[in-house]
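The lines below spell out each chain.
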Amino acid sequence: MRELKKHLEFRDLFAISTGTMISSGFFILPGIAFSLTGPSVILAFFLASLLVVPALLSKAELATAMPRSGGVYFYLDRSMGPAAGTVVGLGAWVGLILKASFALIGFSIYFFGLLQLKVSFLPLQIFASLTCLGLMFLNIRGTKLTGRVQWWLVVVVLCALISFIAIGYRKVEFSRYSPFLTNGWQNLFAAMGLVFISYAGVTKIASVAEEVKNPAKNIPWAMGASLLVVTLVYVGGVSVVVGTLPKDQLMGNTSPISATALWAMGKWMFYVVSIAAVLAFASCANAALMSASRFPFAMARDGLLPKFFTQIGRTYTPYKAILFTSGIVVAFIFLFDVKELAKLASAFQLFLYALCSFAVIVMRESKIEEYSPCFQSPAYPYTQIFGIGGCLLLITLLGIVEILFCLGAIFFGMLWFYIYARKQVKREGAFQWLWNRVRQKKSDTLHPSLIQDLRQIQKEKGLKEGDPFKEIVCKAPVFEIETGETLENFLAQVSEYFKNTLNIEKTELIDKFLIQNKMGNTPVEAGIAIPHHRLDNLGEIHLVIGRSRHGLKVEESQDPLYAVFVILGCSNLSDLHIRILAELARRAEQENFMDLFLQAETEEEVHTLFLENLPDTEKIQILPNEGGKKIKRIVPLNSDQNSSSPFSPS
């Protein structure tokens with residue numbers, strides 16, 4: 001099956017994130033929010049952006065640890081389990097569909113308004129549906145093309161809005177800002193909840209993380225830059241609107257930007273702003289459709305939806321997921337009052353943001369070694385606690401209908417999971433690991449799929465620039481394990497080696513390696529095992545390579561091992577430790593590695609296998625090298641040979 005291609009760069013991510021936000025929040029909501037809180041609507045937009053920050057930081061951490069399509073669904077599924085993943089995936093999918101539907105209707109309204117044509121609602125719906133089909137074909141063509149179109153849409157819109165703000169500030173009457181807080185703090189917070197949907201797109205780029213080049217750098221920077229730019233535009237633009245448009249014209253106005261332009265700046269600015277609004281709604285709909293289509297793709301890949309959605313076309317996009325999602329968008333355009341549903345979707349967005357912050361707490365406190373984000377949220381856990389509390393508070397201020405909607409979405413997601421998805425998946429989330437830690441119960445009974453997923457992700461992420469992988473490999477001794485040896489005995493002899501070379505207590509090491517192995521923390525696959533442990537006071541990472549030509553004995557239920565790579569690291573280099581472990585596993589999985597590994601005669605030949613790619617057997621020829629350092633031999637512990645030392649002479 002084809003895989004998603006990594007096309008998206010920083011500017012594409014910035015465009016997707018900014019394009020999803022900069023439409024309804026600026027062109028429709030200021031007048032409605034003004035009726036709730038007066039001039040302090042400016043503060044409402046600013047405070048709402050601050051509440052996004054914890055979710056942004058949490059999602060950036062999760063996305064750099066697990067860059068997979070599906071975004072929030074994938075993170076919450078792996079952190080809290082498939083039941084929560086089903087609820088979140090379906091809810092976030094519907095929320096984005098609602099946002100896309102609303103943006104398409106807004107696009108139609110402003111488009112006909114720009115042409116000064118008054119039409120009934122049905123032609124607006126038909127035009128919105130045709131626009132959706134156009135965006136659908138654009139998305140099927142590929143994320144690279146979509147990202148380029150998105151970039152130019154955002155550039156044009158931002159230029160128009162910056163011009164609006166720069167010219168508008170000359171017309172501002174500061175007396176219009178007083179009294180600033182007209183209806184009390186409760187109404188200010190209610191206005192925050194209303195305008196919060198304006199920032200809902202900032203983290204949507206996490207849903208296309210699997211298609212991002214260098215996600216560790218580009219995802220957090222794109223999110224941060226997008227939120228900063230949009231916040232400045234919102235606060236600056238709303239300040240102009242409140243400071244220029246009379247209160248009676250602003251109160252409840254659903255097109256306050258164009259009204260301000262016509263009132264204070266003339267007809268030419270009205271056209272500029274109207275064109276910007278049309279492009280902004282198109283940009284929002286395009287980005288929402290792109291992000292929404294990745295949810296069914298990711299959920300189907302995990303078995304929570306039918307496999308129908310996992311098929312990838314010739315342009316390396318999940319075209320069936322895009323087709324199905326676009327069909328639902330068209331249905332929503334004709335069947336629902338999209339404006340009200342968009343408000344309900346914002347309530348669920350707040351709920352999702354709270355869960356994202358909680359997911360970071362779960363992943364960190366589960367102490368799963370393979371969870372190794374390239375970006376870590378600062379001020380943990382206070383950032384996450386603030387995000388959870390603030391989002392839940394705003395949901396309660398939105399009203400009983402929004403609370404019931406969230407509960408109903410949770411109920412439907414759980415119902416789908418128990419009727420269909422539960423039979424398709426066998427895995428636990430990190431929450432189960434955390435729960436076992438709290439109860440001080442061993443986690444070796446848990447299904448290993450979470451660890452396998454994280455290990456696979458680490459292998460795909462690869463090394464960072466400057467990682468001393470070559471130095472560690474080249475210093476690693478290579479030992480031949482004779483017939484009759486067991487894994488437990490081999491680990492005991494490696495512990496003896498570390499005791500002699502590093503002055504470390506042997507008994508402690510043996511126990512630690514064996515405990516890690518029993519807990520399932522030792523990667524074992526394709527005849528290869530990688531036992532590993534970390535100590536507090538060790539200054540660097542050490543590697544020992546063991547080879548068994550006849551197969552090393554393990555448990556009866558497992559196949560014999562032919563290669564054992566033992567890693568002893570240090571606690572303050574835990575991220576590097578995991579990257580070295582993942583890189584060893586990735587290299588060892590190369591085709592022909594095992595054959596060449598078993599043929600090697602010297603340590604240098606073994607080291608070379610880890611430092612070069614092996615597309616075929618002609619890449620490296622293993623020949624006797626008389627000048628190289630011969631591989632040492634480890635004899636069984638019960639052997640009479642060299643009983644005082646586990647290592648025989650070279």
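Since the structure is predicted, the reported quantities are computational estimates derived from the model, not experimental observations.

*Asks:* I tried to follow the overall build of the chain on my own but got confused; where do I start?
*Replies:* The number of helices and strands found in the chain is 25 helices and 8 strands. Relative to all contacts within the chain whose residues are 6 or more apart in sequence, the contacts with residues 24 or more apart total 79%. For the chain, the accessible surface area stands at approximately 26,900 Å², while carbon and sulfur atoms represent 59% of it.

*Asks:* Teacher, can you tell me more about the nonpolar core here?
*Replies:* Generally speaking, soluble globular proteins have nonpolar side chains that are buried together. Among the nonpolar cores identified, the biggest contains 153 residues, and F27, M66, F164 and Y199 are the most heavily contacted of them. With 20 residues, helix α13 (residues 267–301) is the largest single contributor of residues to this core. With 27 residues, the next largest nonpolar core counts I472, L543, I567 and L584 among its residues.

*Asks:* Just checking my understanding: could you explain the packing of aromatic side chains for this structure?
*Replies:* A ring pair, where both rings are aromatic, is described by two values, the distance of the centres and the angle of the planes. According to the stated counting rule, one finds 28 aromatic pairs in the structure shown. Between the aromatic rings of W93 and F309, the centroid separation amounts to 6.3 Å while the plane-to-plane angle is 75 degrees, which identifies the pairing as edge-to-face. With a gap of 216 residues between them, W93 in helix α6 (residues 82–114) and F309 in the loop between α13 and α14 (319–335) connect regions that are remote in the sequence. Look at F111 and F127: their rings are 4.9 Å apart centre to centre, the planes differ by 20 degrees, and that puts the pair in the stacked class. Of this pair, F111 sits in helix α6 while F127 sits in helix α7 (residues 121–141); the two residues are 16 residues apart in sequence, bridging distant segments of the chain. Ring pairs connect the aromatic residues F26, F27, F45, F164, Y199, Y234 and F281, which therefore count as one cluster. The aromatic ring of Y380 is capped on one face by R364, whose charged end is 4.3 Å from the ring centroid.

Definitions and cut-offs
- Residues numbered from 1 in each chain as written.
- Predicted model: local features only at pLDDT ≥ 70, side-chain atom pairs only at ≥ 80, totals over all residues.
- Heavy atoms only, no water.
- Helix = DSSP H or I, 4+ residues; strand = E, 2+ residues; numbered from the N terminus.
- Contact = heavy atoms within 4.5 Å.
- Areas by Shrake-Rupley, 256 points an atom, 1.4 Å probe, with all protein chains shown as cover.
- Core = buried A, V, L, I, M, F, W, Y, C linked by side-chain atoms within 4.5 Å.
- Buried < 20%, exposed > 50% of the residue type's maximum accessible area, 1.4 Å probe, protein only.
- Phe/Tyr/Trp six-rings, centres within 6.5 Å; stacked < 30°, edge-to-face > 60°.
- Lys NZ or Arg CZ within 6 Å of the ring centre and 35° of its normal.

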